[in-house]
Amino acid sequence: MHVMGGGDVGGAKTHIMNMVTGLSRRNEVMLLSFRAGPFADEARERGIDVRVIERHNPFRAARAMRDLVDEFRPDIIHCHGGRANLMGAMVRRSRQVPIVTTVHSDYKLDYLGNPFKQHTFGAANAVALRFLDFYQPVADRMARTLIERGFDPERIVKIYNGMDFKRPEGEFDRAAYLRDAYGVEVEAGDVLCGIAARLTAVKDIATTVRGFAAALAEAPQLRLFIAGDGEDEEMLRRLCAQLGVAERVTFCGWVSPVEPFFRAMDINLLSSVSETFPYSILEGICAGCATICSDVGGMPELIDTGENGYIFPVGDDRQLARYMVRLAKDPALRSAFSEALYDKASREFSRENMCARQEANYRHLLARFHRPKHERESIVICGAYGRGNAGDDAILEAIVQEMRALDPERTICVMSRRPKETRLVYRTNAIYTFNVFAVLRRFRRAALYINGGGSLMQDVTSTRSIWYYCYTLRAAKKRGCKVMMYGCGIGPINRAGNRVMAAKTIDRSVDRITLRDDNSRSLLAEMGVTRPDIRVSADPTIILDPAPREVVSLAMEQSGIDPEGRYIGFGLRNWKGLDAALPEIAAAANYAYEKHGLTPVFVPIEFPNDLMPAERVGALLRCPWHAVRTRQPIEVTIGILARMKTVVGIRLHSLMFSAGQGVPVVGMSYDIKVDGFLKYIGSRTCLQLQTVRAEPLCRLIDECVSGALDGEVRRTAGMLREREQENVRGAALLLGLEYEKKDGENA
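Residues numbered from 1 in each chain as written. Predicted model: local features only at pLDDT ≥ 70, side-chain atom pairs only at ≥ 80, totals over all residues. Heavy atoms only, no water.

Enquirer: Quick rundown of the overall build of the protein? Include the residues and the values.
Expert: For the protein, the helix and strand inventory stands at 29 helices and 25 strands. The buried share of the protein, reckoned over its 747 residues, is 58%. Within the protein, counting contacts between residues at least 6 apart in sequence, those at least 24 apart form 69% of the total. Entry remark: accessible area of the protein is about 31,100 Å², with carbon and sulfur atoms responsible for 49%. In the protein, which carries 101 positive and 93 negative side-chain charges, the distance between the mean positions of the two groups comes to 8 Å. (Helix = DSSP H or I, 4+ residues; strand = E, 2+ residues; numbered from the N terminus. Buried < 20%, exposed > 50% of the residue type's maximum accessible area, 1.4 Å probe, protein only. Contact = heavy atoms within 4.5 Å. Areas by Shrake-Rupley, 256 points an atom, 1.4 Å probe, with all protein chains shown as cover. Lys, Arg positive; Asp, Glu negative; His and termini not counted. Charge placed at Lys NZ, Arg CZ, Asp CG, Glu CD.)

In structure tokens:
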């Protein structure tokens, strides 16, 4: 059952109509509207079962809706918009049917410019949203907004607008269309820009007008057509007059159908402050327009700036003007952008894809809703998360990916130093690592407690940490969880008391251990740990793929690094013995540049701490060098390291990320975990940090750059990915799930 206010217009109307029409082909669909009119009539014409409840009293309307729910007996109720959300919240309490709402726009901005409606209808919708079961934002940015406002990430699923991408057929005389429809005469050389939007504050048409006025000074062939009506029209007309562009701007009023309008345009514009995945952009793409839009909603997921269109910062009329001038002067570029964007949009954002994703979302939400309320189903993950270390963050991302692939219906909770950030980035529940009472409550509902990965069982950095992690192992086991140490390293554990305590805890409380190196297995044997099922696997981060090539290239350019250059990477960290090693590392970096033409690039794993040793080495260099000075997503960091000819690393994960991408590595070991990893992959290219000298370091760089190790490194990368599956297999066994072997994996 789809529920709507009935007065929906623009993108929301198009989305609902496309959705119910597509779903009705394979499902029984009822559309409930709280207003009679064109929307309901059009849906009936498309063969949809439409019911209308025209009652202003919300309690009577809710009673009528409950009667329809009892009659239709829907599997799921799907609301669209504030009125529908309010009715859904009122019905939810008395009917055991899951209720999901599609968040078409930012509910806090829906009535921007109208304080009365903001504080009445807008406030009622904001309250009603909190009482629904699930949320379906249009595009990822709206999902982030909901999570930032405290909505449960595990109750959010994304959807993207879709439509039938069919090029308009037949000849089209745009000059005749514009003359007949709007009384406008255009010349052969004119470049027409169009924007189709309500003339309200949230659409920020004023930015379009200001950008157009600035562009017109350099490209006088431009004309602007504004399709839409609304309360800002008079203000916009005055603005056009003030800027002296009124003669080149046409206000078209409400346009329906919109297809011929876009066929007449060369460039489709959007300058909104807030959007999700606007249909006006998709309609312009279908009609063959080049596209310039503000950085809102899911536009970055559709448009690759400079490849198939342009995205400018919200409110930045100067950047908008630059893009308008560029397209106005280059018809070939307009055509190339139009074709490239049409290819991408028709492939990824068709109505068929939208409906298929919607059905998959329904299946997922129904499975979540109907899980037995007292079933132990969740997975709790603990590690050194939320501290800004890319290695630890990568471990968490890999474990979350694997658990969701194993059973998408299970909820996940992460113990993190920054739970708000963790919820936003990984879309899981999260609690503060040291909130013991919250941790214990989670254990009572959890099916599996994952300790890992990384080297949590060590006392080099702190004795307190090993005691705390051992406490969580005992507490999880005592409260009925299956317990797994996941793709981890063990040691060093230097204090005898800590060894005894850790050995007893692991032996009594852990069901399965997967280790990322052989040294860790040897240490467990020395400690006398025998009861858990112990397997050697690999670090979970090995499964992570780099970001798309163009995304990595853009990140490198923003750091002043030519994406096509030849580089040697360095992953440094502050540690005892680094001071003596700095001149030797600098000498090796100079050597790599002079002999092999490799420019040093310093890639921080823990940001910003790793920039300090990078700066210290950079100060000793005679050659050009670069550093990645902004915190990057994990996939981008992996992608940057994958561009290196070789990577010299102190940081373990700089070596792991690189080796996983088939890049030869040189390790400078400060810890047994670095030795253990390089030994595990059969690498001969390792030096001890305290004894690093330029001459042997240069020899190892020569060996890596020569290509002699390339075949071995590729085999190592494949071996690590294959062995890593032991982690997932162990978790599946503890959860009682079947594990499906991946292609190329040994049984």
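More follows now that the structure is in view.
Enquirer: So what about the packing of aromatic side chains? Which residues, and what values?
Expert: Counting across every chain of the model gives 18 aromatic pairs. Arranged with centres 6.2 Å apart and planes meeting at 80°, the rings of Phe 165 and Tyr 342 form a pair that is edge-to-face. Taken together, the positions of Phe 165 in the loop between helix H6 (140-148) and helix H7 (174-182) and Tyr 342 in helix H14 (residues 331-348) put the pair 177 residues apart, joining distant regions of the chain. For the ring pair Tyr 310 and Phe 337, a centre distance of 5.1 Å and an interplane angle of 75° mean the geometry is edge-to-face. With Tyr 310 in strand S12 (residues 310-312) and Phe 337 in helix H14, this pair connects stretches of sequence that are 27 residues apart. Of the residues examined, Phe 337 reaches a relative accessible area of 3% and is grouped as buried. What links up through ring pairs into an aromatic cluster is the set Tyr 432, Phe 434, Tyr 468, Tyr 469 and Tyr 471. Positioned above the aromatic ring of Phe 151, the side-chain terminus of Arg 130 is 3.9 Å from the ring centre. (Phe/Tyr/Trp six-rings, centres within 6.5 Å; stacked < 30°, edge-to-face > 60°. Lys NZ or Arg CZ within 6 Å of the ring centre and 35° of its normal.)

Enquirer: Please set out unusual backbone geometry residue by residue, giving values where relevant.
Expert: Looking along the chain, the bond that leaves Gly 491 and enters Pro 492 is cis, with omega of 0°. Here Pro 492 shows up in the loop between strand S17 (482-490) and helix H20 (496-509). Its identity as a non-glycine residue notwithstanding, Arg 427 has a phi of 60°, on the positive side. By the element assignment, Arg 427 lies in the loop between helix H17 (419-426) and strand S15 (429-432).

Enquirer: Break down the state of the cysteines for me, with residues and values.
Expert: Counting across every chain of the model gives 0 disulfides. Unpaired in terms of disulfides, Cys 240 finds its nearest cysteine sulfur in Cys 252, a separation of 12 Å. Given a relative accessible area of 1%, Cys 240 falls into the buried group. The cysteine Cys 293 is free of any disulfide, with Cys 289 supplying the nearest cysteine sulfur at 13 Å. Residue Cys 293 is classed as buried on the basis of its relative accessible area of 0%. (Disulfide = S-S within 2.5 Å.)

Enquirer: How would you sum up the pattern of salt bridges? Please name residues and give values.
Expert: Using the criterion set out here, one finds 44 salt bridges in the structure. Among the ionic pairs, Glu 726 bridges to Arg 535, the shortest N-O distance being 3.5 Å. Taken together, the residues span a long stretch of sequence, with Glu 726 in helix H29 (residues 710-735) and Arg 535 in strand S19 (residues 533-536) at a distance of 191 residues. Residue Glu 726 is classed as buried on the basis of its relative accessible area, which comes to 13%. (Salt bridge = Lys/Arg side-chain N within 4 Å of Asp/Glu carboxyl O.)

Enquirer: Give me helix H13 (residues 317-328): which residues, what numbers.
Expert: Over its 12 residues, H13 runs 16 Å from end to end, which matches the ideal 16 Å to within 8%, given 1.5 Å per residue. If you check which residues of H13 are buried, you get Gln 319, Leu 320, Ala 321, Tyr 323, Met 324, Val 325, Leu 327 and Ala 328. (Expected span 1.5 Å × (residues − 1).)

Enquirer: Please provide a residue-by-residue account of the pairing of S19, values included.
Expert: Across 4 bridges, the pairing between strand S18 (residues 512-515) and S19 is parallel. Counted as the bridge partner of Leu 515 is Val 536 from S19. With helix H21 (residues 518-527) bridging S18 and the parallel S19, this β-α-β connection has right-handed handedness. (Pairing = 2+ DSSP bridges. Right-handed = clockwise from strand over helix to strand, strands pointing away.)

Enquirer: Help me get a handle on the packing of helix H8 (residues 205-218) against H13, residues and values and all.
Expert: Where H8 meets H13, the axes come as close as 8 Å, and the angle between the chain directions of the two elements is 50°. In this view, H8 runs oblique relative to H13, as classed from their interaxial angle. For the pair H8 and H13, the crossing hand works out as right-handed. Contacts between H8 and H13 involve Thr 207, Thr 208, Arg 210, Gly 211, Phe 212, Ala 214, Ala 215 and Glu 218 from the former and Asp 317, Leu 320, Ala 321, Met 324 and Val 325 from the latter. Grouping the amino acids of the contact of H8 with H13 by side-chain chemistry returns 7 nonpolar, 3 polar and 3 charged. (Axes fitted to C-alpha atoms, helices over the stretch in contact; angles between N-to-C directions. Parallel < 35°, antiparallel > 145°, perpendicular 65-115°, else oblique. Left-handed = near helix turned anticlockwise from the far one by under 90°. Nonpolar A, V, L, I, M, F, W, Y, C, P; charged D, E, K, R; others polar.)

Enquirer: Residue-level account of the nonpolar core, with values.
Expert: Counting residues in hydrophobic clusters, the biggest one holds 94 residues, and the most contacted among them are Ile 381, Met 403, Met 668, Phe 677 and Leu 697. Looking at which element gives the most residues to this core, the answer is helix H16 (residues 390-406), with 9 residues. With near-sequence residues (within four places) excluded, Phe 677 lies in contact with Asp 517, Leu 652, Leu 655, Met 656, Ala 659 and Leu 720. Core analysis: the second largest hydrophobic core is formed by 45 residues, Ala 139, Ile 159, Leu 341 and Met 354 among them. (Core = buried A, V, L, I, M, F, W, Y, C linked by side-chain atoms within 4.5 Å.)

Enquirer: Summarise the sheet that holds S15; cite the residues concerned and give the values.
Expert: Spatially, the 7 strands line up as an open sheet ordered S15-S14-S13-S16-S17-S18-S19, and their pairing is parallel. The open sheet terminates on both sides in strands that have one partner only, identified here as S15 and S19. Taking the axes of each pair of neighbouring strands and ignoring which way they run, one obtains an average angle of 20° across the sheet.

Enquirer: Provide a residue-level description of the sheet that holds strand S6 (residues 134-137), including the pertinent values.
Expert: Strand order in this open sheet of 6 strands is S3-S2-S1-S4-S5-S6, and the pairing throughout is parallel. Strand pairing shows two members of the sheet lacking a second neighbour, strand S3 (49-52) and S6, which therefore form its edges. When strand polarity is set aside, the average angle formed by the axes of neighbouring strands in this sheet is 25°. Relative to S3, helix H2 (residues 38-45) is tilted by about 155°, and along the sheet it contacts strand S1 (2-4), strand S2 (30-33) and S3. The sheet strands contacting helix H4 (residues 82-92) are S1, strand S4 (77-80) and strand S5 (99-103), and the helix crosses S4 at an angle near 150°.

Enquirer: Hey, could you go over the side chain of Arg 351 for me, with residue numbers and the actual values?
Expert: The topology assignment puts Arg 351 in helix H15 (residues 351-369). Residue Arg 351 is classed as buried on the basis of its relative accessible area, which comes to 6%. Leaving out residues up to four positions away in the same chain, Arg 351 has contacts with Asn 18, Thr 21, Arg 25, Arg 46, Gly 162, Met 163 and Asp 164.

Enquirer: Pulling in residues and values, what's your account of the confidence of the model for the protein?
Expert: The pLDDT averaged across the protein works out to 92; a share of 99% of its residues lies at or above 70. Across the protein, strand S21 (residues 599-602) holds the top mean pLDDT of 98, while helix H1 (residues 10-23) sits lowest at 83. (pLDDT = per-residue confidence, 0-100.)

Enquirer: Outline the environment of Ile 156, listing residues and values.
Expert: By the element assignment, Ile 156 lies in the loop between H6 and H7. As a C-alpha pair, Ile 156 and Leu 327 span 171 residues in sequence and 38 Å in three-dimensional space. If we ignore the near neighbours within four places in the chain, the residues touching Ile 156 are Tyr 135, Pro 137, Ala 143, Leu 146, Ile 147 and Phe 151.

Enquirer: Can you break down the environment of Val 601 residue by residue, with the values?
Expert: Examined against the element boundaries, Val 601 turns out to sit in strand S21. When sequence neighbours within four positions are dropped, the list of residues in contact with Val 601 reads Ile 561, Tyr 567, Ile 568, Gly 569, Phe 570, His 626 and Met 644.

Enquirer: An account of the pairing of S2 is needed here, citing residue identities and associated values.
Expert: Of the two faces of S2, the one carrying Met 30 and Leu 32 and the one carrying Leu 31 and Ser 33 are both buried. Summarising the sheet, S1 and S2 pair through 3 bridges and their orientation is parallel. Bridge assignment links Val 3 to a residue of S2, and that residue is Leu 32. The pairing of S2 with S3 spans 4 bridges and is parallel. Bridge pairing in S3 links Met 30 to Asp 49.

Enquirer: Kindly report on helix H25 (residues 634-642), identifying the contributing residues and their values.
Expert: Of all 9 residues making up H25, 7 are buried, and the element is well covered by its neighbours. Buried within H25 are the following residues: Ile 634, Val 636, Thr 637, Ile 638, Gly 639, Ile 640 and Leu 641. The secondary structure elements touched by the buried residues of H25 are H16, H17, helix H22 (549-558), strand S23 (646-649) and helix H26 (652-660).

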